[in-house]
Structures are given as C-alpha cells and as structure tokens.
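# Structural description and commentary
Here's the letter readout for the chains.
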Protein chains: 2
Amino acid sequence: MSSWTPIHVPARDQAALTQRLQHVLDHKTKPLGALGQLEALALQLGLILDSETPTLQAPQMVVFAGDHGMAARGVSAYPSDVTWQMVENFLAGGAAVSVLARQHGLALTVVDAGVAKDLAPRAGLQIRKIAAGTADASQGPAMSRAQCEAALAAGAEVVQGLPGNAVLFGEMGIGNTSSAALLMARLTGTPLAQCVGRGTGLDDEGMKRKLAILEQALQANAEADSPLAALAAFGGFEIAMMCGAMLQAAAQNRVIVVDGFIATSALLVAQALQPAVLQRCVFAHQSDESGHARMLAHLQAKPLLNLGLRLGEGSGAALAWPLLASACAILRDMASFDSAGVSQSER
Amino acid sequence: MSSWTPIHVPARDQAALTQRLQHVLDHKTKPLGALGQLEALALQLGLILDSETPTLQAPQMVVFAGDHGMAARGVSAYPSDVTWQMVENFLAGGAAVSVLARQHGLALTVVDAGVAKDLAPRAGLQIRKIAAGTADASQGPAMSRAQCEAALAAGAEVVQGLPGNAVLFGEMGIGNTSSAALLMARLTGTPLAQCVGRGTGLDDEGMKRKLAILEQALQANAEADSPLAALAAFGGFEIAMMCGAMLQAAAQNRVIVVDGFIATSALLVAQALQPAVLQRCVFAHQSDESGHARMLAHLQAKPLLNLGLRLGEGSGAALAWPLLASACAILRDMASFDSAGVSQSER
C-alpha cells in the first residue's frame, strides 16, 4: 500500500490580482455587479488559476467507489451490490454522471477505492482497492489507520496522474451518507440527528434504525476526534481517497468542484487538515439530503445550484460545470465599456 | 405595419404521455426522484416536445431592443443611448449574452423593436422598428393600440421565421424595468412599491424619483386595465414584440425559456391573453430585481437558477440552457434498472 506523506496546501495572498480581476469585472459592459454570483465565481477562478483570463483545461470527473460494512445493518434503502452494479453502469455510460460528463466533455475516471466485488480492469477504471469494503463502523473503526493513510495516498496519486486544471469529485457507495453524517457530527459538533438524512430514500422506520446505528458508531469510536482518526473510524475508503485527491488538487492549484453531501464530507476532513483547501473549492449545489445545507453553512459555502438533487455520483458537480465555463468566458471574452464604446452609469 | 391576428394557444391534456414519461424517469438508475427539479424539467420538456426522447433543436436566442420615452425622466441609472450602444455590442459579440450564446451554441438574433437611433442593417439584426422609442408613459399611453398590435404581429413573425424547437427570450431597453413594474402592478394588482426595483443600479434618491414617476404613469393610464391596453399604456415596443413572439412560440409548441424581470413581464401579458402559454415556459432564473420573485410567485413558477443576476439581455436564460439539455439527455440516454442490471430499492 502507498504511504501517506501529509500534503501542505499554502494559503495564498493574492491581493493585487484580486484588485485587478475586480477592476476588469467592474468595467465589463454591464451594470456593476449585475452578473451576481457569476462574478464572484469568475473572480475566484481567476485567483485559483492565477490569471486575468482563466481557461479551464481538460476537466476531470473522478468518481470514487467503495463499500461499507455498516450497510449490512440496513442503513440504506439499497443493497451493497448496487455499488459495483453502478460502477459497471458508470463505465457502460448509462448512469446520470456518465450522461452529464459526456454532455460537458468531462473525462470520466472511476476509481475502485474499496468495492466489495472484484471488478474487471478496463479503460476508465482505476483499481486502487484498499480492501473489499470497510469494517462495520458501529462496532469499531471502519478502517485501520494504515488503510486510511493508504487511501489518502492513493487519492493523491490519482490526481497526480490526471491532466488538466480542474477536478470534479463524485462518489458511489451504498451506506456512505452514514459515513458522511458521522464525519459531520464528529468534526463540526452538530447533533447527530441534524446530520442524518434519508439517503437514497429511507422511510421513517428506516430513518429511526439508521439514527440508532449511527449513534452506536459514534459511541464505538468515541476517541476518534482528530480529522484522520474520525476519517478512519467512520470511513469509507471512497471518502478517504477523495480527501487525499482533494488535498493533492488543492496543492496543485486545480479548481476543485465539490458535489453533494458525501463529497462535502470528504472536504470537511481535508479542510480540517489544510484550511486553505477551501480557497480552491467551488460548491456545485445544495443537496436535498437534509444535513447538506448545514454542512455548507459550516464551511461558509455558497453553492451554485439548488435543484433538490440527492443522487451523488458527481451529478451535481457536472450540472454546475457550464457555470464555471461561463464565468471564465465572461472574464475572457466580454467587452469593456471602453472597448465597446458604451456609456457608463450617470449616477 | 403588420396587422395582429390574435394567436390561440390551446391547453394540452397529455395525461397518457405524462404517465409514460414519469414511468421512464422512475425506472432510470437512480433513487426515485433523486434528480429533483431536473426530473420535473425533463417531464415538462417531454410534454412540450411531445416525446419520450425529446431533443432540443436549433435553439434561438432572440433579443428585442427598444427605447422608452419615460427614460428621459430619469427612471434609469443609464442614458437611453446605451440601448443602441448595447445592440452594437450584442452584434459585435462583446456583451454577456453574446459570450454565453456562443458558449452554448445558441443562434443569436437581435431585433430592433423600436430603438431611438437608426441601426445599420447586418446579419443577425432584424429591423422591425415600430417607432424611434415609445412616448412617455407618465403622460399617457406609451404607444397607440395600432403600434401595440403591430409590435405583437412583428414578434410573431420573428419566431415564425426562425428554425428550431426552443426560443430563449432576452431584451435591452434603458427604462424597461419601469414598464415591467407598471405591467406587473396593473395586471397582478400588486402595490407599485413592491413592483419597483433598482434596475441597473439606482441609488435611494433615484428609487424615490422612479417610484413617483411610475405612480404618475399609473394615474395617466388609469383606464388601461385589459392586458393589451396595459401593454400599450406602459410599453415598451420590445416587451410587446416579445409578447407576440412568446404567443407564437407557444402556439408552435416550442420550448420558451423565460429570462428575468422584463421577459417575465412580457409573459405576464401573454398568459393573461392565453393562459396555456405557461405550459410551454421554462423559467431560467430568479432575478435580483426586487419585483421578480413576486412576479414568479404570481405565475407559480419555479426558476432553475438563483444567482443574483440582474442584467437582462437573456443572460439568465443562456446560463440556464445547459440544464435543459441535461434534462433531455437524462431522459434519452440514462439506463434503466433493467437495462443496466442494477438492483432496485429493497424498502
């Protein structure tokens, strides 16, 4: 297994570039601030890519997949087999993220971080299986510290091996809203009931069961309060690998597009380790999964879309992608008042 | 001038297709309803285009431009000259809507509905000028009934002459948030102060002035309470022409993508004449212009984006466009549980 060398993500002080970018935006042919959040996005992308004329290049959609020991306890409406079945679906091009990635020209890589079933090697699939699913977090740590570090290192390697200056993060793993809720509860101090949601569609009965099992998991891992200890305790492999990948992407100043509840939970760990990761993050959407709004608020994040999505896979990141391209195009291609000969505001 | 033959937009009862589309969506490889508002959009697009596998073809961005007599009274932060200057900017490719239309492959047509200055003919510009700006609505009707009908007819002709099955509507006209606010106040019964906003960026002083002038306009046109009388009273030519264009697009069952405050005010008139227009409308975004949220609520419309935009031009419609394409792609290209061999929910 790969060994983990902690990644440092430096905070960037870009006061001069911020001023230049703001000046450029303010002189585009539109009333001041009239493109709203798109202007803030353009400014941020200019800063991340260190350019007044940023261009997004070879965007990579990376979907990490893994199984969860806790799934056997009935925390999800779907059986664990759906994890590998959906990986097959991603690779066959029939899943939502496959369709959306094709639409937007995003290269799609699926990473087996720890799927229970052995998958046949093929193009578009990276097999970096840490184990065939995590242990049951309600009985103790989902993974060992060594497994957790191996997953982080593998995630960093995945990003290192991919081209481009932007990475969109997605995931698949039956049971992983449970891991995300546990990470949120432990790392943000939010009461568990406010972190837990219906996932793929639990009924009221299922929700009660899920909450009780997650309560057990918190107790079984009461000591796990550092970011890495919590990550190892609650899993899963796909979340840990995504966390390492985000740290690597941030260190390389790539644009990180954060999907929904699970992807944001990976970021929660990453930013607890290296707060400056957040400077490189664009939040694609606010999920319908009930804890996500609070998780985003904790990160002071303002998502681009709010369409009631709760699918994961990176589907929300893919849907938001054209807005990033628009923000860059505005900055690069729009005329200024001077260049277009348009009169400015009189008042 | 063209003569106006009222356009009938039949209400469509598509119960069987609705059921088939819902069935298709429910069997895609995702938890039930997990794509949220995108699923509702896919259903609607299937209904408008009368297909279980809808495809958007040759989408047309049409930007109507016109000047307003009332602008001379100081209802806008910008001088009227900006209308023709921005038309030049649209055609030169430097405006926000030009940049976004290029990004998304939307054909851009600019229509001179009544710009005060004479514009040189060229590709991409349709000169259908009713007059060189409307009269001052604070002193009486902005246009005559004949002018209003000519504008409606010209709008219908514009759409008839364009290919494709989707039209995105944009506008340019210094002073036209005033017309939109007046139409809203008269046609929805909303108190004027709740309809009036800062437009392109009035300060508090400017807002007071605008409100007082619009109050005068309401009084000067107290009798104008039918949809067409209100449209003639408050203008502008670009709004009337857009209204006719929307009716025509609806009658042809094209997808209508509604931009912000001004475009929605044109729709307010169109749906007052022919309520079934709404079945064909997708609402792109909620503008930051303060009356827009209320206007959308009046139409029971749920916009796709909420990014604090307040630019007009069709910029919000263009930004939302990829979501329509995504919705169609989901319906056409996603695998079903059966076709992908994915297990369904156990609970």
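Residues numbered from 1 in each chain as written. Chains lettered and ligands numbered in written order. Predicted model: local features only at pLDDT ≥ 70, side-chain atom pairs only at ≥ 80, totals over all residues. Heavy atoms only, no water.

## A look at the overall build of chain A
Secondary structure assignment for chain A yields 13 helices and six strands. For 347 residues, the compact-globule estimate of 2.2 N^0.38 gives 20 Å, and chain A sits close to it at 20 Å. Dimensions of chain A, computed from the C-alpha atoms along their principal axes, are close to 70 × 40 × 35 Å. Counting over 347 residues, chain A shows a buried share of 63%. Taking all contacts inside chain A whose residues are at least 6 apart in sequence as the whole, residues at least 24 apart take part in 75%. (Helix = DSSP H or I, 4+ residues; strand = E, 2+ residues; numbered from the N terminus. Rg over C-alpha atoms; globule rule 2.2 N^0.38 Å. Buried < 20%, exposed > 50% of the residue type's maximum accessible area, 1.4 Å probe, protein only. Contact = heavy atoms within 4.5 Å.)

## Brief notes about the domain arrangement of chain A
Residues and elements named next belong to chain A. Domain assignment breaks chain A into domain 1 (12-55 + 328-340) and domain 2 (60-327). Inter-centroid distance (C-alpha atoms) of domain 1 to domain 2 is 32 Å. When the two sides are added together, the surface that domain 1 and domain 2 hide from each other amounts to roughly 1,300 Å², 55% of it contributed by carbon and sulfur. Considering only the side of domain 1, the residues that lose the most area to domain 2 are Arg 12, Gln 37 and Ile 48, jointly responsible for 43% of the buried surface there. Between domain 1 and domain 2 we count zero salt bridges in total. Joining domain 1 to domain 2, the criterion identifies 16 residue pairs in polar contact (both at pLDDT 80 or more). Here the side of domain 1 that touches domain 2 is composed, by residue class, of 10 nonpolar, three polar and one charged. (Domains from an automatic or database assignment. Buried area = accessible area lost by both parts, 1.4 Å probe. Salt bridge = Lys/Arg side-chain N within 4 Å of Asp/Glu carboxyl O. Polar contact = N/O pair within 3.5 Å; in protein donor to acceptor, adjacent residues only side chain to side chain. Nonpolar A, V, L, I, M, F, W, Y, C, P; charged D, E, K, R; others polar.)

## Structural notes on the relation of the copies chain A and chain B
Mapping chain A onto chain B calls for a screw motion: a turn of 180° about the axis and a shift of 0.0 Å along it, with 0.0 Å RMSD after fitting. Taken together, the rotation and translation describe the operation of a two-fold axis. Counting the interface residues of chain A, we find that 100% of their copies in chain B are interface residues as well, pointing to one common contact surface. (Least-squares fit on C-alpha atoms with pLDDT ≥ 70 in both.)

## With respect to the interface of chain A and chain B
The interface of chain A with chain B comprises 59 residues on the first partner and 59 residues on the second. In this assembly, chain A packs against chain B so that about 4,500 Å² is buried in total across both faces, 60% of it on carbon and sulfur atoms. In this assembly, chain A and chain B are joined by zero salt bridges. Every element with two or more residues in the side of chain A that touches chain B is listed here: α2 (37-48), α3 (81-92), α4 (96-104), α12 (315-333) and α13 (337-340) of chain A. For the side of chain A that touches chain B, the per-class residue count stands at 30 nonpolar, 21 polar and eight charged.

## What about α4(A)?
In terms of burial, α4(A) is largely enclosed, as seven of its nine residues are buried. Of all the residues in α4(A), the buried ones are A:Ala96, A:Val97, A:Ser98, A:Val99, A:Leu100, A:Ala101 and A:His104. Contacts from the buried residues of α4(A) go to β1 (60-66), α3, β2 (107-114) and α12 of chain A together with α13 (315-333) of chain B. Following α4(A) by one or two positions, A:Gly105 has its phi on the positive side, about 65°.

## Topic: the packing of helix α8 (residues 227-234) of chain A against helix α10 (residues 261-273) of chain A
Helix-helix packing: each pair is described by the crossing angle between the helix axes and the interaxial distance. Residue and element names in this part refer to chain A. Direction vectors running N to C along α8 and α10 enclose 155°, while the axes themselves pass 9 Å from each other. In terms of orientation, α8 and α10 fall into the roughly antiparallel class. Of the two possible hands of crossing, α8 and α10 adopt the one that is left-handed. Only Val 269, Ala 272 and Leu 273 of α10 make contact with α8, whose side of the interface consists of Pro 227, Leu 228 and Leu 231. (Axes fitted to C-alpha atoms, helices over the stretch in contact; angles between N-to-C directions. Parallel < 35°, antiparallel > 145°, perpendicular 65-115°, else oblique. Left-handed = near helix turned anticlockwise from the far one by under 90°.)

## Here's the deal with the pairing of strand β4 (residues 166-172) of chain A
Residues and elements named next belong to chain A. For β4, a buried count of seven out of seven residues is recorded, marking the element as mostly surrounded by other parts of the structure. Here β4 shows a buried face lined by Ala 166, Leu 168, Gly 170 and Met 172 and a second buried face lined by Val 167, Phe 169 and Glu 171. Here β1 runs beside β4; their pairing, made up of six bridges, is parallel. Across the sheet, the residue bridging to Met 61 is Leu 168, located in β4. Bridge count between β4 and strand β5 (residues 255-258): three bridges; the pairing is parallel. The residue bridging Leu 168 from the neighbouring strand is Val 257, located in β5. (Pairing = 2+ DSSP bridges.)

## So, the packing of aromatic side chains
All names here are of chain A. Tallied over the entire structure, the rule returns two aromatic pairs over all chains. Note on Phe 64 and Phe 169: the rings are 6.4 Å apart at their centroids and 15° apart in plane angle, and the pair reads as stacked. Placement of Phe 64 in strand β1 and of Phe 169 in strand β4 is noted, with a sequence separation of 105 residues between them. The class for Phe 64 is buried, based on a relative accessible area of 0%. Residue Phe 169 is classed as buried on the basis of its relative accessible area, which comes to 0%. The ring of Trp 84 carries the charged tip of Lys 117 above its face, separated from the ring centre by 4.1 Å. (Phe/Tyr/Trp six-rings, centres within 6.5 Å; stacked < 30°, edge-to-face > 60°. Lys NZ or Arg CZ within 6 Å of the ring centre and 35° of its normal.)

## Structural notes on the pairing of β5(A)
Where burial is concerned, the two faces of β5(A) agree: the one with A:Val255 and A:Val257 and the one with A:Ile256 and A:Val258 are both buried. The parallel pair β5(A) and strand β6 (residues 281-283) of chain A is bridged by α10(A), and the resulting crossover is right-handed. (Right-handed = clockwise from strand over helix to strand, strands pointing away.)

## Some remarks on helix α6 (residues 176-188) of chain B
Residue and element names in this part refer to chain B. A rise of 1.5 Å per residue sets the reference length of α6, with its 13 residues, at 18 Å; its end C-alpha atoms lie 18 Å apart and thus fit the reference within 8%. Buried within α6 are the following residues: Asn 176, Thr 177, Ser 178, Ser 179, Ala 180, Ala 181, Leu 182, Leu 183, Met 184, Ala 185, Arg 186 and Thr 188. Where α6 terminates, the next one or two residues include Gly 189, which has phi positive at roughly 75°. (Expected span 1.5 Å × (residues − 1).)

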